[in-house]
Amino acid sequence: SGIAVSVVKQTVLYPVDTIKVRLQGMKADERPLWKRSELFRGVYKGFFVPLIFNAPASGTFFAVKDSVKASVSYLGNIPSTIIAIALAQFPYWLFRQT
């Protein structure tokens, strides 16, 4: 499920981030945003590289989080969730950095 969430998130947000970066680098123009074809051209260019690295890292995060939360569920919902997320961060970032 973590991989699926990552793929959907990347697919939806990648073009938004691309357009945001392009807007930040553009000079002021008289044309309305929807008439600037260069703004929307190729918004998925470079999409697969982050997807290849983010999807497995997210899958790792959710797998570790779910198993840790199940292991410490006797502590209650909120404490077990906090502990699980804290412990899942390390393998997530380790996976993302390699």
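Note that this is a predicted model, so its numbers are computed, not measured.

Visitor: Just checking my understanding: could you explain the environment of Q97 for this structure?
Guide: Following the sequence through the fold, Q97 ends up in helix α4 (residues 77-97). The exposure class of Q97 is exposed, given its relative accessible area of 60%. In sequence terms Q97 and S6 are 91 residues apart; their C-alpha atoms lie 17 Å from each other.

Visitor: I'm lost on the packing of aromatic side chains in this one. Help?
Guide: The geometry of an aromatic ring pair is captured by the separation of the ring centres together with the interplanar angle, meaning the angle of the planes. For the coordinates displayed, the defined rule picks out six aromatic pairs. Between the aromatic rings of Y14 and F47, the centroid separation amounts to 5.7 Å while the plane-to-plane angle is 75°, which identifies the pairing as edge-to-face. With Y14 in helix α1 (residues 2-25) and F47 in the loop between α2 (37-40) and α3 (48-71), the pair connects residues that are 33 residues apart, well separated along the chain. Each member of the pair, Y14 as well as F47, carries the same accessibility label: buried. Between Y92 and W93, the ring centres sit 5.0 Å apart and the planes meet at 80°, which makes this aromatic pair edge-to-face. Note on W93: relative accessible area 41%, which makes it partly exposed. Among the aromatic side chains, those forming a connected cluster through ring pairs are Y14, Y44, F47 and F48.

Visitor: What's the story with the environment of F48 in this structure? I'm lost.
Guide: With respect to the element layout, F48 can be found in helix α3. Counting along the chain gives ten residues from F48 to E38, while the straight-line C-alpha distance between them is 21 Å.

Visitor: How do you make sense of the side chain of T18 when you look at a structure like this?
Guide: Within the secondary structure, T18 sits in helix α1. Since its relative accessible area comes to 16%, T18 is described here as buried. Here V43 takes part through its backbone oxygen, which lies 3.3 Å from a polar atom of the side chain of T18.

The rules behind each value
- Residues numbered from 1 in each chain as written.
- Predicted model: local features only at pLDDT ≥ 70, side-chain atom pairs only at ≥ 80, totals over all residues.
- Heavy atoms only, no water.
- Helix = DSSP H or I, 4+ residues; strand = E, 2+ residues; numbered from the N terminus.
- Buried < 20%, exposed > 50% of the residue type's maximum accessible area, 1.4 Å probe, protein only.
- Phe/Tyr/Trp six-rings, centres within 6.5 Å; stacked < 30°, edge-to-face > 60°.
- Polar contact = N/O pair within 3.5 Å; in protein donor to acceptor, adjacent residues only side chain to side chain.

That's the geometry; what it means functionally is another story.
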